[in-house]
Amino acid sequence: MSISENIVRVRGELPAGVELVAVSKGHPAAAVREAYTAGQRVFGENRPQEMAAKHTELPADVRWHQIGHLQTNKVKLIVPFVEMIHSVDSARLAAEISRQATAAGRTIDCLFEIRIAREETKHGWEIQELETWLAQRPPLPAIRWRGLMGIATNTDDEGVVAQEFAHLARMLPTLRKAGGFGAEFDTLSIGMSDDYPLAIAAGSTMVRIGSAIFGARK
Ligand SMILES: *Cc1c(COP(=O)(O)O)cnc(C)c1O
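Read on for an overview of the structure. Here the residue numbers are simple positions, counted from 1 along each chain's written sequence. Predicted model: local features are reported for residues with pLDDT of at least 70 only, side-chain atom pairs are reported and counted for 80 or more only, and whole-chain, interface and lining totals are derived from all residues. Side-chain figures throughout are based on the complete set of non-hydrogen atoms in the structure, without hydrogens or water.

Observations concerning the nonpolar core
And step 1. Among the nonpolar cores identified, the biggest contains 63 residues, and Phe112, Ile114, Trp145 and Leu148 are the most heavily contacted of them.
And step 2. Comment: elements are numbered from the N terminus, with helices defined as DSSP H or I runs of at least four residues and strands as E runs of at least two. Broken down by element, the residue count for this core peaks at 6 residues, all from helix H7 (residues 158-179).
And step 3. The contacts of Phe112, once residues within four sequence positions are left out, are His86, Val88, Trp125, Leu130, Trp133, Leu134, Trp145, Gly147, Leu148, Met149, Phe181 and Phe185.
And step 4. The criterion is simple. A nonpolar core is a set of buried Ala, Val, Leu, Ile, Met, Phe, Trp, Tyr and Cys residues joined through side-chain atoms within 4.5 Å. Exposure classes here rest on a 1.4 Å probe applied to the protein chains alone. A residue is buried below 20% of its type maximum, exposed above 50%, and partly exposed in between. The next biggest cluster of nonpolar side chains, apart from the first, holds 8 residues, and it includes Val21, Ile67, Met84 and Met149. In this analysis, two residues are considered to be in contact whenever any of their non-hydrogen atoms come within 4.5 Å of each other.

Some thoughts on the environment of Met206
And step 1. Following the sequence through the fold, Met206 ends up in strand S8 (residues 206-209).
And step 2. According to the relative accessible area criterion, Met206 is buried, its value standing at 7%.
And step 3. Sequence separation between Met206 and Val18 is 188 residues; the distance between their C-alpha atoms is 5.2 Å.
And step 4. Setting aside chain neighbours within four positions, we find Met206 in contact with Val18, Glu19, Val21, His65, Met84, His86, Thr187, Leu188, Ser189 and Ile190.

Concerning the site of the ligand
And step 1. Residue proximity to a molecule or strand is established when one non-hydrogen atom of the residue lies within 4 Å of it. The local shell around the ligand consists of Val23, Lys25, Ile67, Ile151, Met192, Ser193, Arg208, Ile209, Gly210, Ser211 and Arg217.
And step 2. Here a polar contact is taken to be a pair of N or O atoms separated by no more than 3.5 Å, where protein atoms must pair a possible hydrogen donor with a possible acceptor and residues adjacent in sequence count only if both atoms sit in side chains. Between the ligand and Arg217 there is a distance of 2.9 Å, counted from an oxygen atom to a side-chain nitrogen or oxygen.
And step 3. Of the residues assigned to the shell around the ligand, the class counts are 5 nonpolar, 3 polar and 3 charged. Classes in brief: Ala, Val, Leu, Ile, Met, Phe, Trp, Tyr, Cys and Pro nonpolar; Asp, Glu, Lys and Arg charged; the others, Gly included, polar.

A word on the packing of helix H1 (residues 3-13) against helix H2 (residues 29-37)
Each packed pair of helices is defined by two parameters, the angle between the axes and the distance between the axes.
And step 1. To get an axis, fit a line to the C-alpha atoms, keeping to the stretch in contact for a helix; angles then go from 0 to 180 degrees between the N-to-C directions. It is at 8 Å that the axes of H1 and H2 come closest, and there the two elements cross at 50°. Put simply, H1 runs oblique to H2. The crossing of H1 and H2 is right-handed. Contact residues: Ile3, Ser4 and Ile7 in H1; Ala31, Glu34 and Ala35 in H2.
And step 2. Taken together, the residues that form the contact of H1 with H2 break down as 4 nonpolar, 1 polar and 1 charged. For classification purposes, an angle smaller than 35 degrees is called roughly parallel, one larger than 145 roughly antiparallel, one from 65 to 115 roughly perpendicular, and anything else oblique. In this scheme the crossing of two helices becomes right-handed for a clockwise turn of the near helix relative to the far one and left-handed for an anticlockwise turn of less than a right angle.

Some thoughts on the packing of aromatic side chains
Two measures describe an aromatic ring pair: the distance that separates the ring centres and the angle between the ring planes.
And step 1. Here the aromatic set is Phe, Tyr and Trp, taking the six-membered ring for Trp, and pairing holds for ring centres within 6.5 Å; pairs whose planes are under 30 degrees apart are stacked, those over 60 apart are edge-to-face, and all others are tilted. This structure, assessed with the given rule, holds 9 aromatic pairs.
And step 2. Taking the centre distance of 6.1 Å and the plane angle of 85° together, the rings of Phe112 and Trp125 count as edge-to-face. Residue Phe112 is located in strand S5 (residues 108-114), and its partner Trp125 is located in the loop between S5 and helix H6 (127-135); the two are separated by 13 residues in the primary sequence. Just as Phe112 is buried, Trp125 falls in that class too.
And step 3. Aromatic pair Phe112 and Trp133: ring centres 6.2 Å apart, planes at 75°, arrangement edge-to-face.

Here it is as structure tokens:
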């Protein structure tokens, strides 16, 4: 199936209120343009240089989301235009985003990436660590905290994945309260090509789907 057919099919599977982030990492700007023509506006990337290059090639109403681990020295490449950063996984990164966004005169929507998978390689906060930081965090005026992001364990065991998603969904109101956030702390970014139906069942408000739209990456 073509990219535009995939966009239509995936959109048809999403309940109202679930935002589709089309993950275009590893695919050329032409592929993004095809999805754009099919009506898609929100795109996810994990390499700042790649996002910045595509940003210059595509129409200005594309909404770019950083979904992968972000190094502090790369923040400045995307701060002028990025709409949301899903992968805020440390206090140091949060401080740098706020510093750069202040300098750019912007406020950026951010999610806390929470480590929900058993795998060692995954980035993200432990719940306890985040609660501790929230209790004594410095003011970061250029960040608007919007919610949580998580990546489930890469396994065929749907029970494990469903449990990890349910855990993160329960943490959304808990951490909203712990951080003193308001109703805008409402985003649950869970669900990828292989597990988005489970994420939707758990209450996802934002799915990040790459290969099911653009095909396999090299
Ligand atoms: C690559 C990536 C995705 C999309 O993965 P697919 O399996 O291709 O849908 C989603 N989230 C993050 C953080 C990613 O790095």
